[in-house]
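# Observations on chain architecture
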Amino acid sequence: KALGAHIEMDSGGQLYSSGATFHPDEHTGVLPLGVKQVVELNGALQDFNGFYNRHPDYAISHPVHNLLALAAGAIVVLALIVQGARRFLRKRRA
């Protein structure tokens, strides 16, 4: 058997928002995983894209990858804003 980790979903299978400290109606699954869950988890890890993967009974995420992707997106947006501002100022001067 393997031991599960955080149960961050309600009994209906909906995930709580990130950072939520109040978990009403929290899923009351047991932490020890049976053979069936371990086999399903192995398949889920094979399908994992490195960022996030949702399954009926659990979700898998890699927070560091998610933060790096968010930071890369923010840098791209900032670069586009700077480029747009430079073009605007060039056209305004001409």
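Look up: the structure comes first, before these words.
Now for a quick tour of the structure. Here, residues in each chain are numbered from 1, in the same order as that chain's written sequence. It should be noted that, the model being predicted, local features are given only for residues of pLDDT at least 70 and side-chain atom pairs only at 80 or more, the latter also being counted only at that level, while totals for whole chains, interfaces and linings use all residues. Hydrogen atoms and water are omitted, and side-chain values are computed over all heavy atoms in the structure.

## Examining the pattern of salt bridges
Which entries qualify depends on this criterion: In the sections that follow, a salt bridge refers to a side-chain nitrogen of Lys or Arg positioned within 4 Å of a carboxyl oxygen of Asp or Glu. Under the DSSP-based scheme used, a helix requires at least four consecutive residues in state H or I and a strand at least two consecutive residues in state E, with every element numbered from the N terminus. For every residue, the accessible area obtained with a 1.4 Å probe (protein chains only) is divided by the maximum for its type, and the residue is called buried under 20%, exposed over 50%, and partly exposed between those limits.
Scanning the entire structure with this criterion turns up one salt bridge. With a closest N to O distance of 3.9 Å, Glu40 and Lys36 form a salt bridge. Taken as a pair, Glu40 and Lys36 lie in helix H1 (residues 35-47) at a separation of four residues, close to a single helical turn. We classify Glu40 as partly exposed; its relative accessible area is 33%.

## Some remarks on helix H2 (residues 63-93)
We count it as follows: Multiplying 1.5 Å by the residue count of a helix minus one yields the expected span of that helix.
Taking 1.5 Å per residue as the helical rise, H2 with its 31 residues ought to reach 45 Å, and the 45 Å between its terminal C-alpha atoms agrees with that figure. Sparse coverage of H2 is indicated by the burial of zero of its 31 residues.

## Regarding the environment of Gly19
Take Gly19: it is sitting in the loop between strand E1 (2-3) and strand E2 (32-33). According to the relative accessible area criterion, Gly19 is exposed, its value standing at 67%. Between the C-alpha atoms of Gly19 and Glu8, which are eleven residues apart in sequence, the distance is 10.0 Å.

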